[in-house]
Amino acid sequence: MSRNAAVARTGSEQALAVYQQLRARPGTAFDEVADRLELSAEERERCRDELVSLGLTAPPAAAEPIASGVVEPDVALLRLLRRERDRLQERLSATSRAHTALEALAGPFLRAGATPRGEIEVEIVDDPHRVRRSLADLTDSVRTAAHFMHTGSVRREELPGELSQDRLWAERGVRIRAMYSRRAASVPEMAQHLEERAALGVEVRFASVVPMNMVLADENFALLPTDPHDLSSAAILARGPGLVRSYLALYEYCWTAAAPYGEEEESEKGGDGLSEQQRAALLMLASGIKDEQIAKNLGVSLRTVSRLLSEVMQELGAASRFEAGVKASRLGLLDGEAP
């Protein structure tokens, strides 16, 4: 056959010509037929791939040239149909397994993941990554309100994420409240951050003493430390309104005593001659907390704590700390009442 005749055939026509030659001359090698048809290297490869993919010739062995290995068209068709049937059967089996898994997930496992309104679930978590994942999940799950309590400043790398979360919640109408230790506002970067949070609609308040870090959401989620005085302690993950409402009551008490953002300087004095910081030191003293822990809670030095308590004793006319505690109790100062 001339080269011009071979060139006239393209694609499947060339493959058909090769196949017909192989059938007409049993035992003839593929390359021999390709030479006779004057096929280029690219055309040979294309024809070989097409015939093998159709099942009309056997694939070439790795270490020897391809023999004819011609397969009759009806046999090749039956093989292709059987192969496709097997693939379809495997797809159906995979689909069936997926449906079984979905039914299991939508049944008892889904019910197990849901927390009934009257059920309480408490978990101690000592893995910081798990705690961060739980907080990240709140971004999508919170519906009505989120409440935060911070004993100190938020880490710098977390500030942008907190603002992004605020924007998402504000768009969904979620109420956001955040309570900070008063010393947090003295950090310029935090002061700017709090101003931006307030501009987004976050309710911000300050207190001389914030008892612990705490996150509450929708009366159904609470995150707080196992040891309020140890920031590295394990965390408590609590779910269920039966328990979370108790934490929310504590939060509400602290929130009421805190000063709203922008008004904190106006409430420096408690109306009884004691500043809010002095009153906080007095309350902790009456609770039996040592000076070192009072200093840590207030974010001041031991010397400042001694000065505060001396000022409290002078204000109450007490000669000792014990007497100051007794007089403060009689005046109702330890109950948060006016003298």
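The structure presented is a predicted model; accordingly, all values stated were derived computationally and were not measured.

Asker: Residue-level account of the environment of glutamine 21, with values.
Answerer: With respect to the element layout, glutamine 21 can be found in helix α2 (residues 12-24). Assessed through its relative accessible area of 19%, glutamine 21 is described here as buried. Residues glutamine 21 and valine 33 lie 12 residues apart in sequence; the distance between their C-alpha atoms is 6.7 Å.

Asker: Go over the layout of surface pockets, please, and point to the residues and values.
Answerer: In this structure, the largest pocket occupies an estimated 1,200 Å³ of space. In this structure, the largest pocket is lined by 34 residues; those nearest its centre are Val131, Leu135, Arg155, Glu158 and Leu223. No other element matches the 6 residues that helix α6 (residues 128-141) contributes to the lining of the largest pocket. Broken down by class, the residue content of the lining of the largest pocket amounts to 17 nonpolar, 10 polar and 7 charged.

Asker: Can you explain the side chain of glutamate 43? Please cite residues and give values.
Answerer: Tracing the chain through its elements places glutamate 43 in helix α4 (residues 41-53). Among the polar contacts made by the side chain of glutamate 43, one reaches the side chain of glutamine 14 at a distance of 3.3 Å.

Asker: Pulling in residues and values, what's your account of helix α10 (residues 276-286)?
Answerer: Of all 11 residues in α10, 8 are buried; the element is thus mostly enclosed. Taken together, the buried positions of α10 are Glu276, Gln278, Arg279, Ala280, Ala281, Leu282, Met284 and Leu285. The inward-facing, buried residues of α10 abut β4 (203-207), α9 (241-257), α11 (291-298), α12 (302-316) and α13 (321-330). Glycine 288 occupies a position one or two residues after α10 and carries a positive phi of about 90 degrees.

Asker: So what about the pairing of β4? Which residues, and what values?
Answerer: Direction of pairing for strand β3 (residues 175-181) relative to β4: parallel, over a ladder of 5 bridges. Within β4, the residue paired with alanine 178 across the bridge is valine 204. Between the parallel pair β3 and β4, the chain is carried across by helix α8 (residues 188-199), and the sense of this crossover is right-handed. Where β4 and strand β8 (residues 259-260) come together, 2 bridges link them in antiparallel fashion. By the bridge assignment for β8, arginine 205 is matched with proline 260.

What counts and how
Residues numbered from 1 in each chain as written. Predicted model: local features only at pLDDT ≥ 70, side-chain atom pairs only at ≥ 80, totals over all residues. Heavy atoms only, no water. Helix = DSSP H or I, 4+ residues; strand = E, 2+ residues; numbered from the N terminus. Buried < 20%, exposed > 50% of the residue type's maximum accessible area, 1.4 Å probe, protein only. 1 Å grid on protein atoms, 1.4 Å probe; cavity = no way out; pocket = protein on both sides within 12 Å on 5 of 7 lines; lining within 4 Å. Points joined across faces, edges and corners; volume = space filled by probe spheres on them. Nonpolar A, V, L, I, M, F, W, Y, C, P; charged D, E, K, R; others polar. Polar contact = N/O pair within 3.5 Å; in protein donor to acceptor, adjacent residues only side chain to side chain. Contact = heavy atoms within 4.5 Å. Pairing = 2+ DSSP bridges. Right-handed = clockwise from strand over helix to strand, strands pointing away.

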